[in-house]
Amino acid sequence: MDSRGRRGTNGSVKRSSIKRSASSGSQRVHRAWIERTFQKRECVQIIPSKDASRCSCGQLVAQHTPIPAGAVEEMAQLVQLDVQPTEKWSVLKHTQTFSTDAYGVLEFQGGGHVNKAMYIRVSYDSKPDSLLHLMVKEWQLELPTLLISVHGGLQNFDLPPKLKQVFGKGLIKAAVTTGAWIFTGGVSTGVIRHVGDALKDHSSKSRGKVCAIGIAPWGIVENKEDLIGKDVTRPYQTMSNPLSKLSVLNSSHSHFILSDNGTTGKYGAEVRLRRQLEKHISLQKINTRLGQGVPVVCLILEGGPNVISIVLESLKEEPPVPVVVCDGSGRASDIISFAHRYCEEDGLVNESVKDQLLVTIQKTFNYSRSQAQQIFQMVMECMKKKALQKLPISGTLSPSLQLDSVLDILPTK
């Protein structure tokens with residue numbers, strides 16, 4: 001490893017990667033580039049929601065971001081909230097961009113050892129090439145030889161101890177042996193909490209730190225006010241308010257990209273940014289002689305209906321993204337695993353299996369029969385894609401073996 005803190009042969013990121021350049025001149029150049037390139041978004045127009053105390057952006061009206069001077073004239077009519085009571089709030093129409101005001105290093109408080117992570121607040125429509133430049137040039141990360149994108153349930157859920165152990169070991173083994181980046185949703189809930197536990201267990205036994213990048217909506221981050229500041233080092237509390245709908249960042253991650261669309265307390269700002277960044281990374285050539293890009297693997301643990309659509313989108317990619325589904329983790333994962341186990345060579349299932357799937361979907365998501373039909377069709381599309389592409393989607397193998405089987409079919413370095 002060189003003095004700039006690049007990755008060692010075991011795929012870990014040394015803590016020296018947290019250190020910023022000692023040269024104040026180059027630091028000014030870096031700051032100028034970041035503040036010129038990345039923006040934040042703020043709601044500049046109060047549009048009443050069903051809850052009269054809140055703007056449709058999610059902020060309390062009493063605590064709403066001050067309206068910028070340039071928008072005051074447009075706001076004149078808003079004193080009479082009944083002027084356009086049916087107007088629908090939109091990011092493009094009701095937010096404005098300003099230079100980002102939150103980036104640097106955060107220090108997680110509350111543990112025996114202070115974990116550090118680099119972070120930045122960016123607009124949800126930031127260009128993926130700019131984000132990758134930030135990661136490689138400013139954060140000094142080495143381009144990965146594999147990208148593991150983890151998706152699953154956002155609400156907290158328990159895993160059987162054996163499955164949790166196998167999942168964690170399989171994920172860490174895949175990351176360490178390949179020098180992979182792990183992408184997650186960044187906050188300490190649901191599937192991300194289980195990834196964080198695996199990373200924490202690894203870091204307690206190893207000096208190296210796996211490169212785990214959390215891509216979260218700025219608006220759902222608890223204590224985000226503590227992160228405001230340009231090129232700063234800030235303490236970050238991981239204790240969350242039990243009454244809050246916001247979530248704390250997971251302390252086992254090494255980097256955070258916080259996607260901002262001007263909303264508060266709502267998910268969604270991160271979806272497009274993450275998908276485009278993953279696609280952009282997959283197109284980077286890690287073997288110029290073979291013209292080989294960075295392989296991406298989608299790893300699914302539990303999950304709601306949206307996770308089934310993520311699986312389908314992954315299989316529709318060109319080339320298709322291999323999907324590993326952890327059977328036994330619950331909800332979406334188990335539905336996909338069940339369909340995979342009983343589908344025919346052509347990706348279809350018989351009437352008996354179809355009925356079982358529909359009933360399971362209804363019970364799992366508390367859906368009507370017609371809603372369950374829509375999810376069933378999506379699952380069947382996944383099975384057809386799997387049959388066509390011969391992709392290792394799920395199976396009765398343990399997650400660690402599945403990850404190994406995916407790694408076996410990926411192009412070799």
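One can find the structure itself at the top, above this paragraph.
Residues numbered from 1 in each chain as written. Predicted model: local features only at pLDDT ≥ 70, side-chain atom pairs only at ≥ 80, totals over all residues. Heavy atoms only, no water.

Draft legend 1. The packing of helix α1 (residues 24-37) against helix α4 (residues 128-138), seen in detail. At a minimum axis distance of 11 Å, the contact between α1 and α4 shows a crossing angle of 160°. Compared by their axis directions, α1 and α4 come out roughly antiparallel. Considering only the axes of α1 and α4, their crossing is left-handed. Every residue of α4 that contacts α1 at His30, Trp33, Ile34 and Thr37 is listed here: Ser130, His133, Leu134 and Glu138. Among the residues forming the contact of α1 with α4, the class breakdown is three nonpolar, four polar and one charged. (Axes fitted to C-alpha atoms, helices over the stretch in contact; angles between N-to-C directions. Helix = DSSP H or I, 4+ residues; strand = E, 2+ residues; numbered from the N terminus. Parallel < 35°, antiparallel > 145°, perpendicular 65-115°, else oblique. Left-handed = near helix turned anticlockwise from the far one by under 90°. Contact = heavy atoms within 4.5 Å. Nonpolar A, V, L, I, M, F, W, Y, C, P; charged D, E, K, R; others polar.)

Draft legend 2. Representation of the packing of aromatic side chains within the structure. Taken as a whole and judged by the stated rule, the model has five aromatic pairs. Ring centres 5.8 Å apart and planes at 90° place the aromatic pair phenylalanine 108 and tyrosine 236 in the edge-to-face group. Pair noted here: phenylalanine 108 is in strand β3 (residues 102-109) and tyrosine 236 is in strand β8 (residues 229-237), with a separation of 128 residues, a long-range link. Residue phenylalanine 108 is classed as buried on the basis of its relative accessible area of 3%. With relative accessibility at 0%, the residue tyrosine 236 sits in the buried group. With a centroid separation of 5.7 Å and an interplanar angle of 50°, the aromatic rings of phenylalanine 365 and tyrosine 367 are classed as tilted. On the basis of relative accessible area, phenylalanine 365 is assigned to the buried category, the value being 10%. When its relative accessible area of 25% is taken as the criterion, tyrosine 367 is described as partly exposed. A connected cluster of aromatic rings, assembled from ring pairs, spans Phe108, Tyr236 and Phe256. (Phe/Tyr/Trp six-rings, centres within 6.5 Å; stacked < 30°, edge-to-face > 60°. Buried < 20%, exposed > 50% of the residue type's maximum accessible area, 1.4 Å probe, protein only.)

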